[in-house]
Amino acid sequence: MEPRDWLPLLLRLGLMWPLGAPSESRLRVFVVPHSHMDVGWLHTVQESMQAYVTNVYNTVVEELTLEKKRRFIAVEQEYLRLWWDGVASDEQKGQVHQLVAEGRLEFVLGGQVMHDEAVTHFDDQIIQLTEGHGFLYETLGVRPQFSWQVDSFGASATTPTLFALAGFNAHVISRIDYNMKEAMQYKRGLQFVWRGSRSLSAQQEIFTHVLDQFGYCSSHLPTTTLEGFNWDGKPVFPRQHWDYLYPSMGMPVNEDTVPVHSSSIAINYATLGDYFRAVHSDQVAWQVRDHHDFLPYSSDKYHAWTGFYASQSGLKMLARRASTLLYAGESMFTRYLLLAPHPNLDPAWGLQQLQQLHWAVSEVQHHDAITGTHALKVDDMFVEHLSTRMQGVHTLMASIIQDRSPAHSGPEPGGRLAVVYNPLAWTITTIITLTVDFPSVSITDESGRPVPAQVQHSKELPSAYDLHVLTTIPGLSYRHYSIRPSRSSQEDTGETEPSVASTQQFAVRLRRRGRRVGQSLVPVVNDCYIIFLDTDTNLMHSVWERQSNRKVQVTQQFMEYHVNSHFNQDQISDNYVFRPDGRAEPVWEAVRMEIMAGPLVTEIRQYFYREVDDSEPTFAIYSRLVHGPQSSDGELLCHRIEQEYRVGPLELNREAILRTSTDLNTGRVLYSDNNGYQMQRRPYRQDTWNTIAQNYYPMVQSAFIQDRRSRLVLLSEQAHGISSQGNGQVEVMLHRRLWNNGKWALDNDLTLNDSSVVHQVLWLLLGPWTLTSGLHQRSGLALQHRPVVMLREMNGEVGGPFSAPVITAPGWNGSWKQKAVTLPSSVHLQILSIPGWKYSSNHTKHLQTLRKDQNREAKADLRRVLLRLQHLYEVDQDPVLSQPVTLNLQSVLRGLGSVVSVEERSLTGTWDVSEMHRWTWSTRDPPRHRGKFNHPSPPLGGPNITIYPKEIRTFFIHFQEQ
């Protein structure tokens, strides 16, 4: 059966969905009233609450209560939570419960925000969905079943997988490439079944609707010239201009403004669920879309929205570091709470610190937050929320360390205790770097044994030193290191001091076109690579990968795109859009190089000067090769070239890139990731109007280029823009500084005049496919979740970058022993936390409790642990690592305590999977792969589970009381 003419029309307040059915002669139009409330864009959250959000919720509840036929859908739960906790009366709360029960107020998507899909990590998407869903379920017993991503700047193929796991039955998107939308509209293909994962296929598909060319912001009725339907009212923001963006909302939605012009048209208020239930009941065989995404997004031929991949680079880094701190803090708190008495730490206070950071991390996933497309005062709000709440979690972790660390035998001025925590569920071998004020130190572990270490001059602090320490740490475990100043010579004391790196400096080299290169090479060697540096240019020349015995030419340099700043001249780059004047140009005239060589680490330092006589470099690359052990734990350490970049300050209207050029025959084909979850093939596309910008893509965690023999992988700590503009080339956009004279941008403080200096990290892997396929995923996680280092002065004060107040504690509890939590190398512990949710796992019981006493303050369940596991590999990626993995959860978690019971839950925890019956949709194409979707619940006493390639499985683990 072929789908009939679907005519989706979205009013500023409502969505009109015509729907035909075989037994009906009339066109059914669904008017879906909704609001779009940005969680920080031109105004802060508090300004928006004052200006219009509170009024939206107040009037919606009032209007729905007055008229039974009215409907409304709500999206962002951060605003609902603020209204519910700080504004709503008991009467209004009761009305909301009633409206929800009657199906007239529907919550769609249900996350804290409507998140971006291009530059967010899927871990953080899950966090913000889980926070919103947890609030809705705990407060109202609601579990959203439809999603609404109408303003995100492009759509990711990760979304169908995550939303299917969350229990959604259907999905709405809007912003996709204008050409693609036009073609889909012409072919009547705006609705389809989307299978986002090539490994999971039909197991996690979702029915998807794309809004037509009118989008969600405006539309025209086919039978009238009226446009723009809004609730009465006008938001009043602080310092609002007379010609402000928000229009007067004077045209109500009523029978006079939305007349029924023909007996063949029936118009009704509806929720999104009403529309999708009608579509689902009409047995159409839908086309299937595979695992490809809708990126990049272009709104017209000149406006490729690829600039925001690198806008506000500093915020992107802060957001990711906040998320990784939360990841470490949650597992540390969970182990602490489950394993031992905790008389010196209030669990409720600990949960509060974690929840506050949950909210801040969730907030910044908004599509005008982490994207960098917001006003400067809103940026200040995001940074303040993240920084303050990160400090709260630092305080929590310092308190746990203070309670669990060994007491030192006496104060030694200048000495420190470093506690290093591994948040991953694997044993890791890595280098941690500490900053010390003196080169002569003694470093020992918790048993008093000397530790392999190396000291050298700090790369950017002239009076300080970098102390590199080689450490091996089991999963979710600690190592303790004592660092003391050496008071006399080693011969007198017998102390072992770290090796001091030798320094080799090279003359400054000027950039010259046409100069012969490769005549004078210096090697930097470890057990996996030989990096050859060209002393005629002070640039990298090539890399020899030992396993494949292949030498690949690799050269790196900083370049810049120039952009226009005047609207009346041409299309310009801004926070959203990348519009270069031409090809990128080298941005340096001189390079200085030095090599710091030691037994643990060899570091190459390259300083790039914009002008020959500049006293300070504008750019720098710090490359590091580690001489680590060749054990299985040290494999990842050897097979990576760690790089840190210093970029800025930039000149105005410049967009800075790092271009890596190789002799790989790639055909300009790039592979970049969707949200750190899966890879997408990006063939080079010619475009008449905007070829350079159209070939930029988001890189959230990884990308690679390859030929038949070798693959060059880039792993990133944060989101960037990435492209392959030439054969064998890959370039990463690192930083942007833009200013334009557009009145709207100036009035709303949206110019991206970012004069900051940013420090960013990429790791490079080079080798045959068979090698890099196995190392890629685990190496990315090793970068994302590096060990957390907590420093404590020997006199008991906690200091350093993780400073926190000291909590009086009895010191080391000798009876408390670490027990590692270790997973197979293909399975990642995506989350281990005690959310402190107060709702019952039994849905019927939870609803009964809500009906009895909506104001009852339930007690948090501190023995219920949220566990989420992810299979890292695609179905055919590696002959060993891509195999299904069977785990005994009791055995895996024995280091945390005694497991009483295990429940498998939906992605966000609100559904028991045995009760989550998602809709099935008829399709024209059969699935290619099917995993085990309806998993039986693990039996008590023998919780064995099997996890298949790319699966994500979520559990409640109930532990026995100590």
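A. Molecular detail of the environment of Leu829. Examined against the element boundaries, Leu829 turns out to sit in strand β40 (residues 827-833). Along the primary structure Leu829 and Arg868 are separated by 39 residues, whereas in three dimensions their C-alpha atoms are 6.3 Å apart. In contact with Leu829, not counting residues within four places along its chain, are Tyr327, Ala425, Leu476, Leu823, Leu867, Arg868 and Leu869.

B. Quick look at the packing of aromatic side chains. Evaluated as defined, the whole model comprises 35 aromatic pairs. For the ring pair Phe308 and Tyr309, a centre distance of 4.9 Å and an interplane angle of 65° mean the geometry is edge-to-face. Using a relative accessible area of 0% as the deciding quantity, one classes Tyr309 as buried. Taken together, a centroid distance of 5.3 Å and an interplanar angle of 80° make the contact between Phe578 and Tyr696 edge-to-face. Here the residue Phe578 occupies a position in the loop between β23 (550-562) and β24 (585-586), and Tyr696 occupies one in strand β32 (residues 696-699), the gap between them amounting to 118 residues. Accessibility classification places Phe578 together with Tyr696 in one group, the buried group. Among the aromatic residues, those joined into a ring-pair cluster are Phe30, Phe146, Phe207, Tyr275, Phe276, Trp286, Trp919 and Trp921. The residue whose ring lies beneath Arg640 is Trp763, and the NZ or CZ to ring-centre distance is 3.9 Å. Above the face of the Phe704 ring, Arg711 is positioned so that its terminal group lies 4.1 Å from the ring centre.

C. How the structure looks around the sheet that holds strand β31 (residues 678-682). Within the open sheet, the 10 strands sit side by side as β19-β25-β26-β27-β28-β37-β34-β33-β30-β31. Their pairing is antiparallel. For this open sheet the edge positions go to β19 (502-510) and β31, each flanked by a neighbour on one side alone. Averaged over all neighbouring strand pairs, the angle between strand axes comes to 20°, with direction disregarded. Of the strand pairs in this sheet, β19 and strand β25 (residues 590-597) are connected by 7 bridges, and their pairing is antiparallel. Note on β25: the bridge partner recorded for Gln504 is Ile595.

D. Highlighting the pairing of strand β22 (residues 539-545). By the criterion of burial, β22 is predominantly enclosed, with 6 of the 7 residues buried. Pairing of strand β21 (residues 529-534) with β22 involves 6 bridges; the strand directions are antiparallel. Along β22, the bridge assignment pairs Leu533 with Met540. Relative to β23, β22 is paired through 4 bridges, and the arrangement is antiparallel. Across the sheet, the residue bridging to Ser542 is Gln553, located in β23. In textbook terms, the turn of a hairpin is the stretch between consecutive antiparallel strands, and for β22 and β23 this stretch comprises 4 residues, one of which, Asn549, has a positive phi near 55°.

E. View of unusual backbone geometry. In the segment running from Leu295 into Pro296, the intervening peptide bond is cis, with an omega of 0°. For Pro296, the position within the fold is in the loop between β11 (288-289) and α8 (313-339). With omega at -5°, the peptide bond leading from Gly648 into Pro649 counts as cis. Within the fold, Pro649 resides in the loop between β28 (641-647) and β29 (654-662). For Arg668, which is not glycine, the phi torsion reads 60° and is therefore positive. By the element assignment, Arg668 lies in the loop between β29 and β30 (670-674).

F. Expanded view of helix α4 (residues 122-140). Taking 1.5 Å of rise per residue, the 19 residues of α4 would be expected to cover 27 Å, and the 26 Å separating its terminal C-alpha atoms lies within 8% of that figure. Looking one or two residues beyond α4, the residue adopting positive phi is Gly141, at roughly 70°.

G. Focus on the nonpolar core. Leu467, Leu869 and Ile957 are the most contacted members of the largest nonpolar core, which has 135 residues in total. Ranked by residues supplied to this core, first place goes to α8 with 13 residues. Setting aside residues up to four positions removed in sequence, Leu467 forms contacts with Ile432, Thr433, Leu434, Val436, Val441, Ile443, Ala453, Gln454, Val455, Ile483 and Pro498. Ranked by size, the runner-up nonpolar core spans 59 residues in total, among them Val552, Phe608, Tyr645 and Leu764.

H. Up close: the pattern of salt bridges. Within this structure, the stated rule accounts for 35 salt bridges. Its salt-bridge partner being Glu102, residue Arg104 comes within 3.0 Å of it at the nearest N-O pair. Judged by relative accessible area, Glu102 falls into the partly exposed class, the value being 32%. Of the charged contacts, one joins Arg605 and Glu594 as a salt bridge, the two residues approaching to 3.5 Å between their closest N and O atoms. Here the residue Arg605 occupies a position in strand β26 (residues 601-609), and Glu594 occupies one in strand β25, the gap between them amounting to 11 residues. Judged by relative accessible area, which is 2%, Arg605 ranks as buried. Relative accessible area serves as the criterion here: at 8%, Glu594 is assigned to the buried category. Taken together, the shared-partner salt bridges connect Asp445, Glu446, Arg449 and Arg479 into one network.

Each value, and the rule that gives it
Sequence positions are assigned chain by chain, starting from 1 and proceeding in written order. With the structure being a predicted model, the display of local features is reserved for residues of pLDDT at least 70 and the display and counting of side-chain atom pairs for 80 or more, all residues being used for whole-chain, interface and lining totals. Note: side-chain values were computed over all heavy atoms of the structure, leaving out hydrogens and water. Working definition: helices are DSSP H or I runs of at least four residues, strands are E runs of at least two. Numbering for both runs from the N terminus. Note on definitions: a residue-residue contact is assigned when non-hydrogen atoms from the two residues lie within 4.5 Å. Only centres within 6.5 Å qualify two rings of Phe, Tyr or Trp (six-membered ring in Trp) as a pair; their planes then separate them into stacked at under 30 degrees, edge-to-face at over 60, and tilted for everything else. Exposed residues in this analysis have more than 50% of their type's maximum accessible area, buried residues have under 20%, and partly exposed residues fall in between, with area computed by a 1.4 Å probe over protein chains only. Put simply, a charge is over a ring when the Lys NZ or the Arg CZ is close to the ring centre, within 6 Å, and near the line of the ring normal, within 35 degrees. At least two bridges found by DSSP between two strands are what make those strands a pair. Only the stretch in contact is used when a helix axis is fitted, and all axes are lines through C-alpha atoms; the angle between N-to-C directions ranges over 0 to 180 degrees. Residue count minus one, scaled by 1.5 Å, sets the expected span of a helix. For this analysis, a nonpolar core means a set of buried residues of the types Ala, Val, Leu, Ile, Met, Phe, Trp, Tyr and Cys, connected via side-chain atoms within 4.5 Å. The working definition used for a salt bridge is a side-chain nitrogen of Lys or Arg within 4 Å of a carboxyl oxygen of Asp or Glu.

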